[in-house]
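# Remarks on the overall topology
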Amino acid sequence: MGIKTQLGQVQDDIGKAEKEAGRDEGSVTLIAVSKTFDADHIRPALQVGHRVFGENRVQEAKGKWPELLEEFPDTQLHLIGPLQSNKSKEAVALFDVIHTVDRPKIARAIRLEMEKQNRNLDLFVQINTGDEPQKAGISVQDADDFIAFCRNELALPIKGLMCIPPFDEDPSPHFKILAEIAARNDLEELSMGMSGDYQEAIKAGASHVRVGSAIFGKRDYPA
Ligand SMILES: *Cc1c(COP(=O)(O)O)cnc(C)c1O
């Protein structure tokens, strides 16, 4: 199956899941995760009108997106991978949304760059819902304080929360934890759900699903 067909299939499935969950049609944003794929592989999705894409590495995105953005300037780019503070300048310049704000240092770096570049990105705080030591994200325990810090000390436009559940566990409890933290902090948006579990995530309230391999096919190398 080609990318256009697969993208259509995912869009249909999202529509069904929205309906089943009693949610408005079109209330879920599909982020097509194009990491590891080159510009020629991504272009068909743009040609059929898709405009929201996710990448997990700043350097890789810088290599392929400028030419695509020239062709399709109304595209919205989401950074969904960990951000190092020395890459924050480039990230703020290229991306429209960052999903991986997870520590004070990176929050400060983003604040500084948004001011310098006069850009206002939408931001998500990444929560390590499984409290996995190797995984990015603020711990569940520190989440409320960190969200308050981002808002009150830095006046950052935090729109919602993001999580990547442990890959060998049922994701539902993690989606639920994320939704609970968002609700008690008055945050509307939830970035959760990937190729294997986006329908479930939509039932749990996802506003953004991040779907890669179900659209672009299997990645040749790990991202
Ligand atoms: C790669 C990636 C995805 C997409 O994963 P698939 O299983 O290919 O859909 C989603 N979120 C993040 C943070 C990723 O790095």
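Before reading on, note that the structure itself is shown above.
Below: a short report on this structure.

What counts as what
- Residues numbered from 1 in each chain as written.
- Predicted model: local features only at pLDDT ≥ 70, side-chain atom pairs only at ≥ 80, totals over all residues.
- Heavy atoms only, no water.
- Salt bridge = Lys/Arg side-chain N within 4 Å of Asp/Glu carboxyl O.
- Helix = DSSP H or I, 4+ residues; strand = E, 2+ residues; numbered from the N terminus.
- Buried < 20%, exposed > 50% of the residue type's maximum accessible area, 1.4 Å probe, protein only.
- Polar contact = N/O pair within 3.5 Å; in protein donor to acceptor, adjacent residues only side chain to side chain.
- Axes fitted to C-alpha atoms, helices over the stretch in contact; angles between N-to-C directions.
- Parallel < 35°, antiparallel > 145°, perpendicular 65-115°, else oblique.
- Left-handed = near helix turned anticlockwise from the far one by under 90°.
- Contact = heavy atoms within 4.5 Å.
- Nonpolar A, V, L, I, M, F, W, Y, C, P; charged D, E, K, R; others polar.

Our next topic: the pattern of salt bridges. On inspection of all chains with the given rule, the structure shows 17 salt bridges. Across the pair Arg-119 and Asp-96 runs a salt bridge, and its minimum N-O distance is 3.9 Å. Of this pair, Arg-119 sits in the loop between helix H5 (104-117) and strand S5 (122-128) while Asp-96 sits in the loop between helix H4 (88-94) and strand S4 (97-101); the two residues are 23 residues apart in sequence, bridging distant segments of the chain. In this structure Arg-119 comes out as partly exposed when scored by relative accessible area, which is 28%. A residue is classified by how much of its surface remains accessible, and Asp-96, at 27% relative accessible area, is partly exposed. Among the charged side chains, a salt-bridge network with shared partners connects Asp-40, Arg-43, Glu-67 and Glu-71.

The next subject is the environment of Asp-40. In this fold, Asp-40 is placed in helix H2 (residues 39-47). The spatial distance from the C-alpha of Asp-40 to the C-alpha of Lys-64 is 9.3 Å, given a sequence separation of 24 residues. Reaching out from Asp-40, the side chain makes a polar contact with the side chain of Arg-43 at a distance of 2.7 Å.

Taken N-terminus to C-terminus, the directions of H5 and helix H6 (residues 143-153) make an angle of 20°; their axes are 11 Å apart at the nearest point. Considering the angle they form, H5 stands roughly parallel to H6. Crossing angle aside, the handedness with which H5 passes H6 is right-handed. Contacts between H5 and H6 involve Pro-104, Ala-107 and Arg-108 from the former and Phe-146, Phe-149 and Cys-150 from the latter. The class makeup of the residues in the contact of H5 with H6 is five nonpolar, no polar and one charged.

What follows deals with the environment of Lys-4. Within the fold, Lys-4 resides in helix H1 (residues 3-20). Here the alpha-carbon distance between Lys-4 and Ala-45, two residues 41 residues apart in the chain, equals 6.1 Å. The contacts of Lys-4, once residues within four sequence positions are left out, are Pro-44, Gln-47 and Val-48.

This brings us to the packing of H1 against H2. Relative to each other, H1 and H2 sit at 55°, their axes nearing to 9 Å. Overall, the two elements H1 and H2 adopt an arrangement that is oblique. Handedness of the H1/H2 crossing: right-handed. Counting all contacts with H1, which are made through Ile-3, Lys-4 and Leu-7, the residues of H2 involved are His-41, Pro-44, Ala-45 and Gln-47. Counted by class, the contact of H1 with H2 contains four nonpolar, two polar and one charged residues.

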